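Chain by chain, the residues run as shown.
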There are 2 protein chains.
Amino acid sequence: MERTEIAALYKDTPADGTVVTVCGWAKNIRDSKNIGFIALSDGGCFKTLQVVFEAAKLSNYEEVAHTGLYSSLKVTGRLILTPEAKQPFEVNADSIEILGDCPAEEYPLQKKKMSMEYLRTMPTLRPRTNTFNAVFRVRSVAAYAIHRFFQENGFVYAHSPLLTASDCEGAGEMFRVTTLDLDNLPKTEEGKADYSQDFFGKPVNLTVSGQLEAEAMAMAFGKVYTFGPTFRAEKSFTTRHAAEFWMIEPEMAFCDLAGYMDVAEAMTKYVIRYVLDNCPDEMDFFNKFIDKGLIERLELVANSDFGRVSYTEAVEILKKNNKKFQYPVEWGVDIQTEHERYLTEVVYKKPVFVTDYPKEIKSFYMKQNPDGKTVAAADMLVPGIGELIGGSQREESYEKLAARMDGLGLDKAAYDWYLDLRKFGGVEHAGFGVGFERLLMYLTGVQNIRDVLPFPRTAYGF
Amino acid sequence: MERTEIAALYKDTPADGTVVTVCGWAKNIRDSKNIGFIALSDGGCFKTLQVVFEAAKLSNYEEVAHTGLYSSLKVTGRLILTPEAKQPFEVNADSIEILGDCPAEEYPLQKKKMSMEYLRTMPTLRPRTNTFNAVFRVRSVAAYAIHRFFQENGFVYAHSPLLTASDCEGAGEMFRVTTLDLDNLPKTEEGKADYSQDFFGKPVNLTVSGQLEAEAMAMAFGKVYTFGPTFRAEKSFTTRHAAEFWMIEPEMAFCDLAGYMDVAEAMTKYVIRYVLDNCPDEMDFFNKFIDKGLIERLELVANSDFGRVSYTEAVEILKKNNKKFQYPVEWGVDIQTEHERYLTEVVYKKPVFVTDYPKEIKSFYMKQNPDGKTVAAADMLVPGIGELIGGSQREESYEKLAARMDGLGLDKAAYDWYLDLRKFGGVEHAGFGVGFERLLMYLTGVQNIRDVLPFPRTAYGF
């Protein structure tokens, strides 16, 4: 269909009087007797196009004036520059064809404000509302910004597998993937499910992290990042947990803890700047209607040097304020969101990395510090959220890693290839994980993870 | 770790004599008595750096000269321009530190040529070989090219869900996803698996296509694309099928069949050009060692106007040559790879779209043509492969789509939201699907899908 996209009109506005054909959906229709106004969206940008139509010119004026909102239209008319009006131009219609009707009596979206809860019941329609249209366009632009950042900085995009026979953390609750007929389940002699008859001949799960595979790839490419779906089968009825979500997991060889923090800080600033620059209309919308102060907060983050403080020092700071917290702090306990926010919002007033956590509260693969008590891990805390990124230097010593796994009772045989990375040209390396949806909540001010996922799969079901 | 990346040396070569520190893995070591040569790779580019080291300067000369291949090294030395040599510069080492040894007697990769089959047994190590290093870097660059193409052309990246309760084609074999304890399976009164106790309270599968959700998103954003993992639980023991693979599924509103073909052709050319421009060393390698004639074939495709021929005409052409085929052709049967390759390689000698297939051999959602016999589908055939892309205009008439579903015995209730897209501001729209791995095989000349997937999951297991 020959049409001019509305975004193109805004980007490179034709001369006054140019005849254009635009297609789109009527987001609003106003009928003032013999003259009408349509806010037309073709989805390509957040802005709508004002279409003016007149009874004197259109034989189907009445039909157009009374068609349902979100009917699809094809409009041909003259572009008129309107320097004095709110919008820089409008189209004065010579003809309007109704491509697809949208009967108001059946259409579940109403013109009035609808609750996020109500909109969640219709994931296939809610992207048509302003809020979700803005959220999912920012989702797209932020994803692209992440690819740009890593590709421009020499990282290789490594696709880690989703079907896996291992569990990175040794603990996450996982989804089982099978082609066995559950209504007629083949059994072993011991009465257990017979996975030898399953598709892969063994039990297979959905991945909870691509980190271990990313480490293998980093030993070939130096710097890699994953960006793909990840799964947790946890019945977490919160606003921050989903069963299916997207993660970015960069991994860098010849890199220590400070190197990871440098990259994580640069990535965060790059994505914020890219979204602010490329989605100004969407970000203004969030700033007005979702989270006043959002843009100021993001600008602050994009322009500040992030702080760095050791866990041990942070605990000293927090202990002096223990009266303020629901959970008092002492050395050895994991700090909670309330403590994280206190550190970043009250103490540092900017993002801060907390480094060198007690090894007991962190994962087996993290590099053991010389003090014997802590590991070279660091969480990035940001105002308004708390932890946004977690990462660490990885233990590159075969002996130390093997001893730690033994101490934790992990099955070394299941991780033989991972241990081997330390044996065959192993190097100092570090990496981190970013929950993409948490980053989006941070960028948009949206409070519920179900509202930044186009088709959310959470403990609430779908 | 302070180091200069080898790619940076090639991109912006420092002055002769500049002292640099580089880190990497020894891909080759040659010891000529008191002078040695190392081909050092840090993984950031396909090229290696020649390091020259001398017994007169290094106290650990013997140790370095006899360390195993793929040991990791830190080298500090002077960069020497070598305009007469094969490589434009080398580094003359003042010191070499062995960061991580790689004992030759244990390391499973050998210097001699290893078979692809053998290398498949070690997915975590094979990216260190030239072939796989080149393949997976091209994989990364091609993925980025796809994002660039769509983002620069106003498409929104739409993440379709992987966990799904429906089946796009109504036929694909799917993986079941569950948290039920299969060793102790809860049963209904009828003795069936009790999915009401499963994580989502219902049977859930891994997606075989994000198209239907992409259509919903296109009705809000105009132009969208998915790019994510997809699953088929088919026991296909071929070189072209995987159980887990990545798909790109663009979907465009206000777009007909010709519009889809325009976009698919432009995307294909863009990705080819981008990879040729950004991976010249890798592409030269493939052209020399994997598929002689690869670059010439890709250049031809990037520079030709793709042909377009109707299925009906194509069948007429093929029937005249039926003697050449294993499977003779006649109107109504699906054309096979041998026919596709004959059309694109012998008849057209360039890529060609075959359009308007009999409706019986295509999917229910494709737009029915006025002839009552065919649908507005088109497959893109390319020399050397056959079908690379499949797509269609979608049926936008609620009545025709519902009648087609009834005719095929599909459960309309399961697709109510999909049918509703036709009721609420429906428009002409079209889309297509690209198997990312098939595209990579096409770009690299690699013959087996297991060799373009970093961690392949196929009917052969993993």
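None of these values were measured; they are calculated from a predicted model.

S.K.: I'm lost on the interface of chain A and chain B in this one. Help?
M.R.: Accessible area lost on assembly of the parts is the figure often given for the size of an interface. The partner chain B presents 103 residues to the 103 residues of chain A that form the contact. Between chain A and chain B the total buried area reaches about 8,600 Å² when both faces are included, carbon and sulfur atoms providing 65% of it. Applying the counting rule to chain A against chain B returns 4 salt bridges. Note that A:Lys423 and B:Glu106 form a salt bridge whose closest N and O atoms lie 3.3 Å from each other. Applying the counting rule to chain A against chain B returns 37 residue pairs in polar contact (both at pLDDT 80 or more). Ranked by the residues each element gives to the side of chain A that touches chain B, the list is headed by helix 4 (residues 130–152) of chain A, at 13 residues. Here the residues of the side of chain A that touches chain B sort into 57 nonpolar, 23 polar and 23 charged.

S.K.: Even after reading the chapter, I still don't get the pattern of salt bridges, so can you show me in this structure?
M.R.: Where charged atoms from two side chains of opposite charge come close, those side chains can pair. Evaluation of the coordinates by the stated rule reveals 52 salt bridges over all chains. Across the pair A:Glu215 and A:Arg422 runs a salt bridge, and its minimum N-O distance is 2.9 Å. Of this pair, A:Glu215 sits in helix 5 (residues 211–221) while A:Arg422 is found in helix 12 (residues 416–423), placing the two residues 207 residues apart along the sequence. Taking the relative accessible area as the measure of exposure, A:Arg422 reaches 8% and is therefore buried. B:Lys47 serves as the salt-bridge partner of B:Asp281, at 3.0 Å between the closest nitrogen and oxygen. Note that B:Asp281 is positioned in helix 7 (residues 280–289) and B:Lys47 in the loop between strand 2 (35–41) and strand 3 (49–54), a separation of 234 residues in sequence. Overall, B:Lys47 belongs to the partly exposed group, its relative accessible area being 35%. Overlapping salt bridges, with partners in common, bring together A:Asp262, A:Glu265, A:Lys269, A:Asp305 and A:Arg308 in one network.

S.K.: Help me out: how do you make sense of the environment of A:Tyr415 in this one?
M.R.: Inspection of the secondary structure puts A:Tyr415 in the loop between helix 11 (398–407) and helix 12. The spacing of A:Tyr415 and A:Pro88 is 327 residues in sequence and 62 Å in space, taken between C-alpha atoms.

S.K.: I tried to follow the confidence of the model for chain A on my own but got confused; where do I start?
M.R.: It should be kept in mind that the predicted coordinates are not to be read in detail where pLDDT is low. Confidence in the prediction of chain A, expressed as mean pLDDT, is 96, and 98% of residues score 70 or more. Across the interfaces of the predicted complex, the ipTM metric reaches 0.97, alongside a pTM of 0.97.

S.K.: Would you mind showing me how to read the sheet that holds strand 14 (residues 374–382) of chain A here?
M.R.: Backbone-to-backbone hydrogen bonds pair the strands of a sheet. The strands run either parallel or antiparallel. All names here are of chain A. With mixed pairing, the 8 strands of this open sheet are ordered in space as 6-10-11-16-15-14-13-12. Two strands lie at the open edges of the sheet, namely strand 6 (156–157) and strand 12 (307–310), each paired on one side alone. Bridge count between strand 6 and strand 10 (residues 223–231): 2 bridges; the pairing is parallel. If you follow Tyr 157 over to strand 10, its bridge partner there is Tyr 225. Packing of helix 4 onto the sheet brings it into contact with strand 6, strand 10, strand 11 (244–253) and strand 16 (429–435), and relative to strand 10 it is tilted by some 150°.

S.K.: Looking at this structure, how should I read the packing of helix 9 (residues 311–319) of chain A against helix 10 (residues 337–347) of chain A?
M.R.: Helices that pack against each other are described as a pair by the angle of their axes relative to one another and the distance between those axes. All names here are of chain A. At their nearest, the axes of helix 9 and helix 10 sit 11 Å apart, and the two run at 85° to each other. With respect to helix 10, the element helix 9 is oriented roughly perpendicular. Across the interface between the two elements, Ala 314, Ile 317 and Leu 318 of helix 9 pack against His 339, Tyr 342, Leu 343 and Val 347 of helix 10. Its residues assigned to classes, the contact of helix 9 with helix 10 comprises 6 nonpolar, 1 polar and no charged.

S.K.: Which parts of the structure should I look at to understand helix 4 (residues 130–152) of chain B?
M.R.: Think of an α-helix as 3.6 residues a turn; residues three or four steps apart then line up on the same face. Residues and elements named next belong to chain B. Helix length check: helix 4, at 23 residues, gives a terminal C-alpha distance of 32 Å against a target of 33 Å (1.5 Å per residue), a fit within 8%. Where burial is concerned, most of helix 4 is hidden: 21 out of the 23 residues are buried. Gly 154 sits one or two residues past helix 4 and shows a positive phi near 80°.

Each value, and the rule that gives it
Residues numbered from 1 in each chain as written. Chains lettered and ligands numbered in written order. Predicted model: local features only at pLDDT ≥ 70, side-chain atom pairs only at ≥ 80, totals over all residues. Heavy atoms only, no water. Contact = heavy atoms within 4.5 Å. Buried area = accessible area lost by both parts, 1.4 Å probe. Salt bridge = Lys/Arg side-chain N within 4 Å of Asp/Glu carboxyl O. Polar contact = N/O pair within 3.5 Å; in protein donor to acceptor, adjacent residues only side chain to side chain. Helix = DSSP H or I, 4+ residues; strand = E, 2+ residues; numbered from the N terminus. Nonpolar A, V, L, I, M, F, W, Y, C, P; charged D, E, K, R; others polar. Buried < 20%, exposed > 50% of the residue type's maximum accessible area, 1.4 Å probe, protein only. pLDDT = per-residue confidence, 0-100. Pairing = 2+ DSSP bridges. Axes fitted to C-alpha atoms, helices over the stretch in contact; angles between N-to-C directions. Parallel < 35°, antiparallel > 145°, perpendicular 65-115°, else oblique. Expected span 1.5 Å × (residues − 1).

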